[in-house]
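If you want the building blocks of each chain, they are given just below.
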Amino acid sequence: MNVWGKIIVLVGILFLPFAARGEVSKEEDFVWAQRGLIAEIKDTMPPIDVDDRRVNSSLLRQAKLNAIKGLFQVTERIYQVRGIDLANLSIVVGEKGYIVIDPLSSADTARAAIDLVYEKLGRKPISAVIYSHSHVDHWGGVLGIVERGSCPVIAPVGFMREVVRENILAGNAMARRASYMYGIYLPSGPSGWIDNGLGKSLPAKMKVGLIAPSQEIKKTGEELTIDGVKMVFQLTYGVEAPSNMHIFFPQLRALYLADSCVASLHNFLTPRGAQVRDASAWANHLEEAWTLFGHQTDVIFLGHTWPRWGKENIFNMIKKQADAYRYIHDQTLRLINQGYTIADVGELVKLPPELDREWFNRPYYATVGWNARAVYQYYLGWFDGNPIHLNPLPPREAALKYVSYMGGSDKIMDRARKELEEGHHRWVAEVMYHVVTAEPENDAARRLLAEALERMGFREESAVFRNFYLSGAYELRYGIQEREEKRRPPIEIIRALSLHHIFEAMAIRLNGPRAAGKKMKINWVLTDTGEKVALVLENGVLHHYPGKIEEDAECTLKMTRDIFDRLIAGETTPALQFLLGRISWDGKLRKFWEFMDLFDEFNPSFSLMIPPGR
Ligand SMILES: [Zn+2]
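Since this is a predicted model, take the numbers as computed values, not measurements.

Parameters at a glance
- Residues numbered from 1 in each chain as written.
- Predicted model: local features only at pLDDT ≥ 70, side-chain atom pairs only at ≥ 80, totals over all residues.
- Helix = DSSP H or I, 4+ residues; strand = E, 2+ residues; numbered from the N terminus.
- Rg over C-alpha atoms; globule rule 2.2 N^0.38 Å.
- Buried ≥ 20, exposed ≤ 12 C-beta atoms within 10 Å, placed from the backbone.
- Contact = placed C-beta atoms within 7 Å.
- Arc of directions from axis to C-beta.
- Pairing = 2+ DSSP bridges.
- Axes fitted to C-alpha atoms, helices over the stretch in contact; angles between N-to-C directions.
- Expected span 1.5 Å × (residues − 1).
- Core = buried A, V, L, I, M, F, W, Y, C linked by C-beta atoms within 7 Å.
- Domains from an automatic or database assignment.
- Nonpolar A, V, L, I, M, F, W, Y, C, P; charged D, E, K, R; others polar.
- Parallel < 35°, antiparallel > 145°, perpendicular 65-115°, else oblique.
- Left-handed = near helix turned anticlockwise from the far one by under 90°.
- pLDDT = per-residue confidence, 0-100.

### What to know about the overall build of the protein
A count of helices and strands for the protein gives 21 helices and 19 strands. By the compact-globule yardstick of 25 Å for 614 residues, the protein fits well, its C-alpha radius of gyration being 26 Å. With the C-alpha coordinates aligned to their principal axes, the bounding extent of the protein is approximately 95 × 75 × 45 Å. Sorting the 614 residues of the protein into buried and exposed places 44% on the buried side. Across the protein, contacts joining residues at least 24 apart in sequence account for 73% of those joining residues at least 6 apart.

Next up, the structure:
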């Protein structure tokens, strides 16, 4: 090949992916994101210059798409409110009222969404609420739309169990990590938060509530007709959420795929923390959705991002997103079986061009490398088989040694500053992590680490990675904003829980070392609902036995369910309720006080940047 031939090939290779991504799909996504607009909600963020070096241009494109907000018609009788919360609220118009699918994360945003529906489409009763899965952005706003007991609430099997596990048992830590993931404390704009990849934003103050489902969907193929609307369900357990389903509307030729298919690469493990997801099952369920319903589907609408119309477009997205997930799954396992570690697979797995160039497979939410590491975790866990990692020193002890072996923090920082200018951001962040962990009070070290993180954040195509990097940098520079919020699950969730779930959550607040050696039995009786539970403390463990009373308990407490819920939520104190005569007791009250003294309160503002010392 002559020189010109080589140049033409080279130019072709360089520009091909941009041409394929930039010209054709870009138009389609913007057309789809605006299609059916009935009422626009103006985005409040000032426009960002495409040449701004603090924002990745591909991420900026996604941020613009997510900023197209308002009420949209998806197809005959199906509407969506998009852009006012992280997720979409969907409405199906029945014969007499509205069926609401996935009522957002907070009562305020959900109410704003339904008010917009009432204003533009007319006020009608709510005939049912459907939760597609157990993540809070798809149910937390339900009380902004309906009252408890006012309509059927339908969810996939196992919904309540997963809600408790994700949002309550590890809830305090997940909420703290989610504040980084969604850039909750970042100023908005090109040097801070601009988007969340999967959707625009989470409400800054979430008013989360829950109504327990009145009916569960137990298997694929189950059918329901509500208010004249026929629905066929596909149970997709273990996909994006452990309790999860898709809904097909045969009369409307429309398929709701929840979060299984969205206009971004999704995550196999959410960085806020949760149980790792099954990538192979995810791909299988997407393929099954196409097999079951594809030939009768004219539009797919989703839990996040905009719908997609036309058989070919729908097939292309379902097929290529399923294949992206399967590719990451299979290739990670191929490398694992050749001896590569969790860090290696994160570097080595890359999508092939035919999958990578599709905008919906771009890493706005999770990256390919992150998902490869999640596959490693799913199959092998965090341990890499190297005995060095069986029982390593904790971070603070190790950091003190690293810094001392490397000649002290001043020497490390001199070199790190040079390397930062040379573009070695990841390495500088790693080495400065040890310095800041060893010397948390060293301001110059904190600023240098912050700078490395900011440079990483500004380049990121993933909104989530960007938010994490910039949130860490922000707190290193300005400290942690102490949160006023309560440290307990809100009462609007507790009211929906059984005593079993409530005491399961209470048991994880028991301070084991303080409780060690103690034996106690306390009965709780709820006078209006007839519920009762015996608590037995022994071996540093709190056991609960719903429906039982221990005859030889030290103390038996009696109160209404309402007082009980308020005590558990921390909205009132036992002392005040004793004083008001709303709690009565048999036995030794002293024992009850001794018991209550054994529980920790969680700090919602713990540090993510500096590990606790010992
Ligand atoms: Zn979601």
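### Brief notes about helix H17 (residues 499–507)
Here H17 has its buried residues at Leu499, His501, Ile502 and Ala505. Burial along H17 is one-sided: seen end-on, the buried residues are contained in an arc of 165°. Check the buried side of H17 and you find it contacts helix H4 (159–169), helix H16 (491–494), strand S16 (532–538), strand S17 (541–546) and helix H19 (561–568).

### Here's the deal with the sheet that holds strand S11 (residues 245–249)
The mixed open sheet is built from 6 strands, whose spatial order is S9-S10-S11-S12-S13-S14. With one partner strand each, in any of the chains shown, strand S9 (223–226) and strand S14 (308–309) form the two edges of the open sheet. Here S9 runs beside strand S10 (residues 229–235); their pairing, made up of 4 bridges, is antiparallel. Bridge pairing in S10 places Ile226 opposite Val229. Strands in contact with helix H6 (residues 279–293) are S10, S11 and strand S12 (254–256); relative to S10, the strand with the most contacts, it is inclined by about 145°.

### Regarding the sheet that holds S17
If you trace the 5 strands from one edge of the open sheet to the other, you get S17-S16-S15-S18-S19, paired in mixed fashion. Taken across any chain shown, the strands that pair with only one partner, and hence form the sheet edges, are S17 and strand S19 (584–587). Pairs of neighbouring strands in the sheet enclose a mean axial angle of 20°, with direction left out of account. Pairing analysis gives 5 bridges linking strand S15 (residues 520–526) to strand S18 (residues 555–559), with the strands arranged parallel. The partner of Ile522 across the bridge, within S18, is Cys555. The sheet contacts of H17 involve S16 and S17, and relative to S17 the element is tilted by about 175°.

### Here's the deal with the pairing of S17
Taken together, the 6 bridges between S16 and S17 define a ladder with antiparallel strand orientation. In the sheet register, Glu538 faces S17, and the bridge partner there is Val541. The loop that links S16 with its antiparallel partner S17 comprises 2 residues; one of these, Asn539, has a positive phi angle of about 55°.

### Focus on helix H7 (residues 311–336)
For H7, with 26 residues, the first-to-last C-alpha span of 37 Å sits near the 38 Å given by 1.5 Å per residue. Taken together, the buried positions of H7 are Ile314, Met317, Ile318, Gln321, Ala322, Ala324, Tyr325, Tyr327, Ile328, His329 and Thr332. Where the residues of H7 are buried, they touch H6, strand S13 (299–301), S14, helix H8 (342–348), helix H9 (353–356) and helix H10 (368–380).

### Structural notes on the pairing of strand S4 (residues 89–93)
Burial analysis of S4 places 5 of its 5 residues in the buried class, which makes it a mostly covered element. A two-sided burial pattern is seen for S4, the buried positions comprising Leu89, Ile91 and Val93 on one face and Ser90 and Val92 on the other. With 4 bridges joining them, strand S3 (residues 78–82) and S4 adopt antiparallel strand pairing. The residue bridging Tyr79 from the neighbouring strand is Ile91, located in S4. Where S4 lies against strand S5 (residues 98–101), 4 bridges are found, and the strand directions are antiparallel.

### Looking at the nonpolar core
Ranked by internal contacts, the top residues of the largest apolar core, which has 171 residues, are Val100, Val129, Ile328, Met432, Val435 and Leu449. Considering every element that reaches this core, the biggest residue donor is helix H15 (residues 463–478), with 9 residues. Once residues lying within four places of it in the same chain are set aside, the contact partners of Met432 are Ala416, Ala445, Leu448, Leu449 and Ala452.

### Comments concerning unusual backbone geometry
One non-glycine residue with positive phi stands out, namely Arg253, at about 50°. Topologically, Arg253 is positioned in the loop between S11 and S12. Taking the C-beta count within 10 Å as the criterion, Arg253 has 14 such neighbours and is therefore assigned partly exposed. Positive phi is not limited to glycine here, since Ala258 has a value of about 50°. Summarising the element assignment, Ala258 is placed in the loop between S12 and H6. Among the residues examined, Ala258 registers 30 C-beta atoms within 10 Å and is labelled buried.

### Notes on the domain arrangement of the protein
Much of the literature gives interface size as the accessible area that the parts lose upon coming together. Taken domain by domain, the protein comprises domain 1 (29–330), domain 2 (393–478) and domain 3 (491–596). Domain 1 and domain 2 are separated by 36 Å when their C-alpha centres are compared. At the level of elements, helix H2 (57–66) and helix H5 (171–181) are the ones that each hand at least two residues to the side of domain 1 that touches domain 2. Split by residue class, the side of domain 1 that touches domain 2 holds 9 nonpolar, 6 polar and 3 charged.

### Considering the packing of helix H12 (residues 409–421) against helix H14 (residues 443–459)
Packing of H12 against H14 brings their axes to within 11 Å, and their N-to-C directions diverge by 25°. On the basis of the axis angle, H12 is roughly parallel to H14. You can see that H12 and H14 cross each other, and the crossing is left-handed. Residues Ser409, Met413, Ala416, Arg417 and Leu420 of H12 touch H14, and the partners they reach there are Ala444, Ala445, Leu448, Glu451 and Ala452. Of the residues in the contact of H12 with H14, the class split is 7 nonpolar, 1 polar and 2 charged.

### Quick word on the environment of Arg77
Mapped onto the fold, Arg77 is located in the loop between strand S2 (69–75) and S3. With 17 residues separating them along the chain, Arg77 and Gly94 place their C-alpha atoms 7.7 Å apart. Ignoring sequence-local partners within four residues, the contact set of Arg77 consists of Val92, Val93 and Leu252.

### Section: the confidence of the model for the protein
In the predicted model, the protein carries a mean pLDDT of 93, and the fraction of residues at 70 or more is 95%. Here residues 4–24 scores under 50 on pLDDT; set against residues more than four positions off or in separate chains, the count is 6 contacts.

### What to know about the environment of Trp370
Among the structural elements, Trp370 can be located in helix H10. Residue classification places Trp370 among the buried residues on the basis of 20 C-beta atoms within 10 Å.

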